Amino acid sequence: SFLEKEHNLLVRADKKQIIKWMELNGGKLKYESGEWFSIRIKGKKIEKLLALKWVWEVGFENYTGMVLNDHVPQNTNVSGLQTGWQFDSSLTGKGVLVGFIDAGIDYTHSDFIDENGNSRILYIWDQNPPADSTLIFEDYGYGHLYTSDTLNSWLGSGIEVPLDPSSLFGHGSTVAGAVASNGRALHDELIQGTVLSDLHGIAGESKIIMVSSDFNSENWLATVADGVDSMLNKAEDLNMPVIINLSVGTYLGS
């Protein structure tokens, strides 16, 4: 039920008070930005939280997340890349981290694997509840984090774990491919002449982070904020510039 489930909230509150209250009431204080705090607590605690005088604002917007791709080519002019635009071909994305919040990614796809057989995906944070509750991503209190070490181990062993939900028709892989595919999947066809050009993405040498969104999560927009925060933290740890793409959203609000 709503009362027993854990929910993600964005709270504007007094810092000392919210830290103390979270310690006494359980849940997880994930991070802060100015007067705002990202927290995760059970639904039965929310009414108590709302009654506190030092809590000035709580963000909970029950929008349903969805993939968005109906007007992307027209609105971004990406199609112009195939119609004669000139650009610097040395801009390959090398040394750059590209993050996505989307519907997962097919880590077995050749376009996301480098010439040495290693995954170009450094992290996948699947925000959906893991089958094994002991594998919770502790930094945020939900979902599960897969590292490149795990992905490379699976690739070497021929293990395929469905991290690209088929219910959304490979949307996350398609978006990631448009940005970051390296064209290896059709390399043989290119050599044979059955495809006419090297079909790689805009930044085919970049590294990838995927946040696989739980579109059924209550207060879904708070999980988007968590995803952005996690990718910024990883980029800082790696000392790499990061670009973040969200081809997802809601038709209610921004």
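Structure's up top.
Everything numeric in this text was worked out from a predicted model, so none of it was measured.

Caption draft 1: Representation of the overall build of the protein chain within the structure. When its secondary structure is counted, the protein chain shows 7 helices and 11 strands. Every one of the 254 residues in the protein chain was classed for burial, and the buried ones make up 40%. Long-range pairs, those at least 24 residues apart, make up 73% of the contacts in the protein chain with a sequence separation of at least 6. In the structure as shown, the protein chain presents an accessible area of about 14,200 Å², 53% of it carried by carbon and sulfur atoms.

Caption draft 2: Spatial organisation of a nonpolar patch on the surface. On the surface, a nonpolar cluster with roughly 260 Å² of combined accessible area is contributed by Phe2, Leu3 and Phe60. By the element assignment, phenylalanine 2 lies in the segment before strand S1 (6–13).

Caption draft 3: Just helix H4 (residues 148–157), in detail. Of the residues making up H4, those classed as buried are Ser148, Leu151 and Trp154. Down the axis of H4, the buried set is contained in an arc of 125°. They therefore lie on one face. Turned more than 90 degrees away from the buried face of H4, the exposed residues are Asp149, Gly156 and Ser157. Buried residues in H4 make contact with strand S7 (121–126) and strand S8 (144–147).

Caption draft 4: A look at the packing of aromatic side chains. Counted under the stated rule, the structure contains 9 aromatic pairs. Ring centres 5.6 Å apart and planes at 50° place the aromatic pair tyrosine 107 and tryptophan 154 in the tilted group. Here tyrosine 107 is found in the loop between strand S6 (97–102) and S7, whereas its partner tryptophan 154 is found in helix H4, with 47 residues between them in sequence. Here tyrosine 107 falls in the buried class, since its relative accessible area comes to 1%. Ring plane angle 80° and centroid distance 5.1 Å describe the contact between tryptophan 125 and phenylalanine 137, whose orientation is recorded as edge-to-face. Linking tryptophan 125 in strand S7 with phenylalanine 137 in the loop between S7 and S8, this pair joins segments that are 12 residues apart in sequence. The pair formed by tryptophan 125 and phenylalanine 137 is uniform in burial state, with each residue classed as buried. An aromatic cluster is defined as three or more aromatic residues linked by ring pairs; in this entry it consists of Tyr31, Trp125, Phe137, Tyr140 and Tyr142. Here the basic side chain of lysine 234 rests over the ring of tyrosine 123, its NZ or CZ set 4.4 Å away from the ring centre.

About the cut-offs
Throughout, residues of each chain are indexed from 1 in the direction in which the sequence is written. With the structure being a predicted model, the display of local features is reserved for residues of pLDDT at least 70 and the display and counting of side-chain atom pairs for 80 or more, all residues being used for whole-chain, interface and lining totals. Side-chain metrics in this entry use all non-hydrogen atoms of the structure; hydrogen atoms and water are not considered. Strands here mean DSSP runs of E at least two residues long; helices mean DSSP runs of H or I at least four residues long; both are numbered from the N terminus. Each residue gets one of three labels from its accessible area relative to the maximum for its type: buried under 20%, exposed over 50%, partly exposed in between, using a 1.4 Å probe on protein chains only. Two residues form a contact once any of their heavy atoms are found within 4.5 Å. The accessible surface values rely on the Shrake-Rupley method and a 1.4 Å probe; as for residues, cover is taken only from the protein chains in view. A patch consists of residues exposed above 30% relative accessible area that lack any salt bridge, with like charges linked at up to 9 Å and nonpolar side chains (Val, Leu, Ile, Met, Phe, Trp, Tyr) linked at up to 5 Å. A pairing counts as a salt bridge when a side-chain nitrogen of Lys or Arg comes within 4 Å of a carboxyl oxygen of Asp or Glu. The arc in question is formed by the directions pointing from the helix axis toward the C-beta atoms. Between 30 and 60 degrees the pair is tilted, below 30 it is stacked and above 60 it is edge-to-face, where a pair is any two Phe, Tyr or Trp rings, Trp via its six-membered ring, whose centres lie within 6.5 Å. Put simply, a charge is over a ring when the Lys NZ or the Arg CZ is close to the ring centre, within 6 Å, and near the line of the ring normal, within 35 degrees.

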